[in-house]
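Residue-level structural notes
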Amino acid sequence: MIKTSKMLRVILSTILFFSCARPLDFDQLNQYSPNQLVTIPFIIFTINATDFETPISPALIPSIVKKLDFKIFEGTFLKESLVQLEFDFEIKNDINRNFILEIIFREADFDVSNPLTDGREVHRLTLNVTASSQDFTENVFITKADFPDIINFLRVEMKLTLQDDTFPIDSIDTGELKFKSGLTVYFKGA
Amino acid sequence: MKKFVLIFVLVLTGNIFSQNKQVLYDFAGLPQTLLLNPGLETNLKFHIGLPLLSGFSAEVASTGFSVADIFEVNSRTITDRVHTVLNSINSSDYLKINTQIEVFSAGFRFDQKTYISFGFYEELDAIGYAPKDILSLLNEGNAASLNRTFSVSQVLFKLDILGVVHAGITKKVNDQLILGGRFKVYSSSLNLESANNYGTFTTNLGNNNIYIQRLDNININLRSSGLVENNEYIYDANTYLKNTFLGGNLGVGLDFGLTYHMSPQLQFSGSIIDVGFVNHKKNIQNTAIAGSFTFEGIEFEFDASNRNYWEELETAFKEQILSTENNESYVSWRPAKLNAAIKYSFGEKKSKYCYDTTFKEFYTDAFGAQLYTVFRPLRQQFAGTGFYEKSFSNKLHAKVTYTVDNYSYYNIGVGISAQVGKINFYGILDNIAELSDISNSNNISLQFGFNLLFN
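Residues numbered from 1 in each chain as written. Chains lettered and ligands numbered in written order. Predicted model: local features only at pLDDT ≥ 70, side-chain atom pairs only at ≥ 80, totals over all residues.

Secondary structure assignment for chain B yields six helices and 24 strands. Considered along the principal axes of its C-alpha atoms, chain B spans approximately 100 × 50 × 40 Å. Per-residue burial for chain B yields a buried fraction of 40% across its 455 residues. The long-range share in chain B, meaning contacts at least 24 apart out of those at least 6 apart in sequence, stands at 70%. (Helix = DSSP H or I, 4+ residues; strand = E, 2+ residues; numbered from the N terminus. Buried ≥ 20, exposed ≤ 12 C-beta atoms within 10 Å, placed from the backbone. Contact = placed C-beta atoms within 7 Å.)

Following this line, the structure appears as structure tokens:
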């Protein structure tokens, strides 16, 4: 058996010895770094003016908050590969009031059983939405180089606030605010 | 070293399928030619193949790109080169590897008209087509491809590792006609295959949100046998090797062949081999993924509840894209191959000693044409060969072939068979025009072996 395998090696080596190959470098695989741009739909919502009223009495609710677990960056690989986040926002505001929309990126998971436990804030975007704005668009880039903490976000919190909460929403303030968003994640191979 | 790495990488990452052995076919009366056509004429009393060395063949082939296209050293980055390759290939391009090692082989003349041959060989046999859409999606993402339809139907591969016990008979019916047949028992130690997949992934501009993503009519099937045992992957190489010795999933197959002498100088031969299947029953792990899913983003509801939107999304996805596993047995067909050849002999007339203590006349030269086709998962593939064969003596033979196939229009192969005493050696090298730069070649193939031949 040993003789057989030796003979096999000799024959294969001879053939390979007499053949040629242009210089190849398989170590180049370590330098392989594709640029991946992944686009996904993000958050949407429609909010009515009446949502700023309590059901019991028309008392003003100054702001509305919603939270979302966002577990895409749980894995180390994606955290390391992330280069940049690009957000596209489109807002149509039929309500004749100015709003401030804050998008807060937090570190900790959202705890359904205990919504008061907020994780550490790693980044915040603020959008000022003017009254009756029909074509609000915003394109925001968050790069890891400028904001290295962004890779730690696992939860998104959206807080919509009346810019001037001294005047409660009343029956004159009808209409709705529609929010659309998309996210493009830039990855680069390690 | 790089050449070894090249071959090693291709063997490991490639997908293998059956090999065209156009030089070996009907060459020098070698017993190994009976595996390509059991109806070919031999002049042997008996033969014994040197264990593990009587028949070794290997082929690595690809269409659409070569190793040098990716790993060549030049001013371009490997990322650019991969990008270029991905743009140039199409979903019918493939990567294949085939290796076959005869563990033992022997044969004997049963009577004046009948030769019996038998043996056992190991085979690694696979093919994988380029799932261009999936590779592009993984490499570049979807952002630059809004409205592009990424299809999963391009996922198509098959990998087999198996042992084959075989016994064949070659019968001279009359002076014109020789018929042959071979019965095979396959023992598969590993089978991985995925076929008949369909479904698409698209990202479009949406109405309700900026983007909308759709997984439409997804149906992906992955079948495996021999890979998982008791819910654990088998990592022990010895287990795979052991299962090729009738310990794996069994199947049967048949070869048929004939030779017809139209005149003393003109002959036709043809064969169909590996008409058979393996019935996979043991260590089965099949996965099926099916369904459709549309995603327009996570929609917040401004009510009093504290919904876990992410969990709801995961649940909805799992409900609509069902992933199921089962252990159901399945049948995997072997890749059947067809050979046909026409051969005209001429030149000096010589005689050689025959098994029946007579002398047989033969011509020193021959030329002809061969056709080879193999039934592949996507479509049949063909190779056409012209050849010239020269016998320098009744112990020394050579053959030169010119083949046109999927990989090349100038594939030149050479083979030599020499006998010293009772020991025969044959060596065959294909695509020698590419030997000066095998890294740039789409096809590398070689065969060699040692036999003890008794006339």
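Back to the text.
The helix and strand inventory of chain A stands at two helices and nine strands. Secondary structure of chain A in N-to-C order comes out as α-β-β-β-α-β-β-β-β-β-β. Burial analysis of chain A (190 residues in total) assigns 22% to the buried set. Residue pairs in contact within chain A that sit at least 24 positions apart in sequence constitute 85% of those at least 6 positions apart.

All right, on to the interface of chain B and chain A then. In this assembly, 52 residues from chain B lie in contact with 47 residues from chain A. For the side of chain B that touches chain A, the secondary structure elements donating two or more residues are α1 (2–13), α2 (67–71), α3 (78–88), α4 (132–140), β9 (211–225), β15 (298–300), α6 (309–320) and β24 (443–454) of chain B. Each residue belonging to the side of chain B that touches chain A can be placed in one class, and the counts come to 29 nonpolar, 16 polar and seven charged. Where strand β2 (residues 43–48) of chain A meets β15 of chain B, three bridges bridge the pair, whose relative direction is parallel. The partner of isoleucine 44 of chain A across the bridge, within β15 of chain B, is glutamate 299 of chain B. (Nonpolar A, V, L, I, M, F, W, Y, C, P; charged D, E, K, R; others polar. Pairing = 2+ DSSP bridges.)

Attention now goes to the environment of glutamine 447 of chain B. All names here are of chain B. With respect to the secondary-structure elements, glutamine 447 resides in strand β24. Using a count of 23 C-beta atoms within 10 Å as the deciding quantity, one classes glutamine 447 as buried. On a C-alpha basis, the gap between glutamine 447 and glutamate 59 in space is 8.8 Å, while along the polypeptide they are 388 residues apart. If near-sequence neighbours (up to four positions away) are discounted, glutamine 447 is found in contact with Lys21, Leu24, Phe56, Ser57 and Ile428.

Before going further, it helps to spend a moment on the environment of histidine 261 of chain B. All names here are of chain B. Its location among the elements puts histidine 261 in strand β12 (residues 249–261). Separated by 82 residues in sequence, histidine 261 and lysine 343 place their C-alpha atoms 9.5 Å apart. The residues contacting histidine 261, other than those within four sequence positions of it, are Asp175, Gln176 and Gln267.

Residue and element names in this part refer to chain A. Here strand β3 (residues 63–69) pairs with strand β8 (residues 155–162) via seven bridges, running antiparallel. The residue of β8 that forms the bridge with lysine 67 is glutamate 157. Note that strand β5 (residues 99–106) and β8 share eight bridges and pair antiparallel. By the bridge assignment for β8, arginine 106 is matched with arginine 155.

Another aspect to go through is the sheet that holds β5 of chain A. Sheet strands pair via backbone hydrogen bonds, and the direction of the pair is either parallel or antiparallel. Residue and element names in this part refer to chain A. Taken together, four strands build an open sheet; the order of strands is β3-β8-β5-β6 and the sheet is antiparallel. In this open sheet, the two strands that pair with only one neighbour each are β3 and β6 (121–129). Ignoring strand direction, the axes of neighbouring strands in this sheet form an average angle of 15°. (Axes fitted to C-alpha atoms, helices over the stretch in contact; angles between N-to-C directions.)

Here the focus is unusual backbone geometry. Residue and element names in this part refer to chain A. Even without a glycine there, the phi angle at serine 132 is positive, about 55°. Inspection of the secondary structure assignment puts serine 132 in the loop between β6 and β7 (136–143). For serine 132, a count of 13 C-beta atoms within 10 Å gives the class partly exposed.

Glancing now at the pairing of β24 of chain B. Residues and elements named next belong to chain B. A large share of β24 lies buried, amounting to nine of its 12 residues. Where strand β1 (residues 46–49) lies against β24, four bridges are found, and the strand directions are antiparallel. When the sheet's bridge partners are listed, glycine 49 is paired in β24 with asparagine 451. Pairing geometry for strand β2 (residues 56–62) and β24, over six bridges, is antiparallel. Among the inter-strand pairings, phenylalanine 56 is bridged to a residue of β24, identified as phenylalanine 448.

Close inspection of predicted coordinates is inappropriate for parts of the model with low pLDDT. All names here are of chain B. In the predicted model, chain B carries a mean pLDDT of 88, and 94% of its residues have values of at least 70. Here residues 1–17 is modelled with pLDDT under 50, and outside its nearest four sequence neighbours on either side it reaches 47 contacts, counting other chains as well. Interface confidence for the predicted complex, given as ipTM, is 0.81, next to a pTM of 0.80. (pLDDT = per-residue confidence, 0-100.)

Within the secondary structure, leucine 95 of chain B is located in strand β3 (residues 94–111). Residue leucine 95 of chain B is classed as buried on the basis of its C-beta count, with 23 C-beta atoms lying within 10 Å.

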